[in-house]
Amino acid sequence: MTQTDRKYQYRQGLREAMVEEMHRDDRVFLMGEEVAYYNGAYKVTEGMLDTFGPRRVVDTPISETGFSGLGIGAAMYGLRPIIEFMSWSFCLVAADQIINNAPKMLYMSGGQFGVPIVFRGNNGAGGQLGSTHSWCVESLWAHVPGLKMVLPATPRDAKGLLKTAIRDPDPVFFLESERILGIGAHGDKDFSRYLQGGRWAPPEDEDEDFLVPFGKANVVKSGDDCTIVTAGRPLHFALEAAEQLEKEQIDVEVIDLRTYRPLDLETILESVRKTNYCIVVDQSWPFASVASEIAAQVYEHALDDLDNKVIRVNNDDVPAPYNRQLEQEMLPHARKIIEAVRSVTYNA
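Residues numbered from 1 in each chain as written. Predicted model: local features only at pLDDT ≥ 70, side-chain atom pairs only at ≥ 80, totals over all residues. Heavy atoms only, no water.

Chemist: What should I look at first to understand helix 9 (residues 265-275) in this one?
Modeler: It helps to recall that an α-helix has 3.6 residues per turn; residues three or four apart then point in one direction. Listed in full, the buried residues belonging to helix 9 are Leu 265, Thr 267, Ile 268, Leu 269, Ser 271, Val 272 and Thr 275. Structurally, helix 9 contributes buried residues whose contacts are with strand 7 (218-221), strand 8 (226-230), strand 9 (252-256), strand 11 (278-281) and helix 10 (290-302). Among the residues trailing helix 9, Asn 276 stands out with phi positive, at a value near 70°. (Buried < 20%, exposed > 50% of the residue type's maximum accessible area, 1.4 Å probe, protein only. Helix = DSSP H or I, 4+ residues; strand = E, 2+ residues; numbered from the N terminus. Contact = heavy atoms within 4.5 Å.)

And the structure:
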């Protein structure tokens, strides 16, 4: 894959990560609904059954409780499962396994049993799937100690972060977005000039050891007037807002956290101390959200550097509507971010 290949997509980054790690380590296997013979509900796993066979790419019944628990047991036994949720909304029926067993097992066993497992799949609203199929679970699960939470926003990070997740000794919750699986070199809009110097896909000199470390945020766009902190799909909303704000001579700095657990607080604080203003964009509901936690930590560690309050931009505090226009309005879209930046910087 070359640096200039503009067909390289987010879903391709995910697939390459899994294929490379399964070739590298025969303990790695994939399990989930329709991942094998159907090539994945969103074609992320296309061709993997032909490559690795049915013992390592395993179709499951519609039973998240069952195959999540099976995966945790396999991880305790020494394997390295990748469990795909067709939607993270469906993980709620397996809550006991994924948040009461996987993150706590190492602690409760006195270090005897680790759980090196990756739970991955689509998270969040935007596809007219109705309220029960549009959950943003990061605020629910980030609350639990013992796990790591990853939210890749670009094809390049999708690959590098997933490879890191598969090698990690702890449970990793890997939150993708169905709405950006097909983005390529340009993303939803032409934001490639911001992202890794224009590189969405790993360039040729990055081999199978291409890894993106956890807990290291990416300053996607530098700026002096206001800090925007985000992760996952909302990065695209933030960059759209940044583009519009440039026309108003408001130069924002956009930080892609990449991971919520661990959180790169130092990069956030360094930026806030430079700009003196902060917006946090998070696709959770506002009450007890990840944005609330980040805002609290900014207040705790950089209060004297702030020239105004921290503003959170979240999903509206309603169940996800099915109607397309209402659903798009519910999301933390660019207009909401622009209004928040204008307000906090006294440009409203």
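Chemist: Mind showing me how you'd approach the pairing of strand 9 here?
Modeler: Remember that side chains alternate between the two faces of the sheet whenever the strand is regular. Across the 5 residues of strand 9, 5 count as buried, placing the element largely inside the fold. Going residue by residue along strand 9, you find Val 252, Val 254 and Asp 256 tucked away on one face and Glu 253 and Ile 255 tucked away on the opposite face as well. Of the strand pairs in this sheet, strand 8 and strand 9 are connected by 5 bridges, and their pairing is parallel. By the bridge assignment for strand 9, Thr 227 is matched with Glu 253. (Pairing = 2+ DSSP bridges.)

Chemist: What is the right way to look at the nonpolar core in this model?
Modeler: Generally speaking, soluble globular proteins have nonpolar side chains that are buried together. Membership of the largest hydrophobic core comes to 46 residues, with the highest contact counts inside it found for Trp 88, Ile 98, Phe 119, Trp 141, Met 149, Phe 173 and Leu 257. The set of elements that each furnish at least two residues to this core consists of strand 1 (28-32), helix 3 (64-77), strand 3 (80-85), helix 4 (95-101), strand 6 (172-176), helix 9, strand 11 and helix 10. Sort the elements by how many residues they give to this core and helix 10 lands first, with 6 residues. Apart from residues no more than four positions distant in its own chain, Met 149 is found in contact with Glu 138, Trp 141, Ala 142, Phe 173, Leu 175, Thr 259, Tyr 260 and Arg 261. The next biggest cluster of nonpolar side chains, apart from the first, holds 30 residues, and it includes Leu 14, Met 18, Val 44 and Val 57. (Core = buried A, V, L, I, M, F, W, Y, C linked by side-chain atoms within 4.5 Å.)

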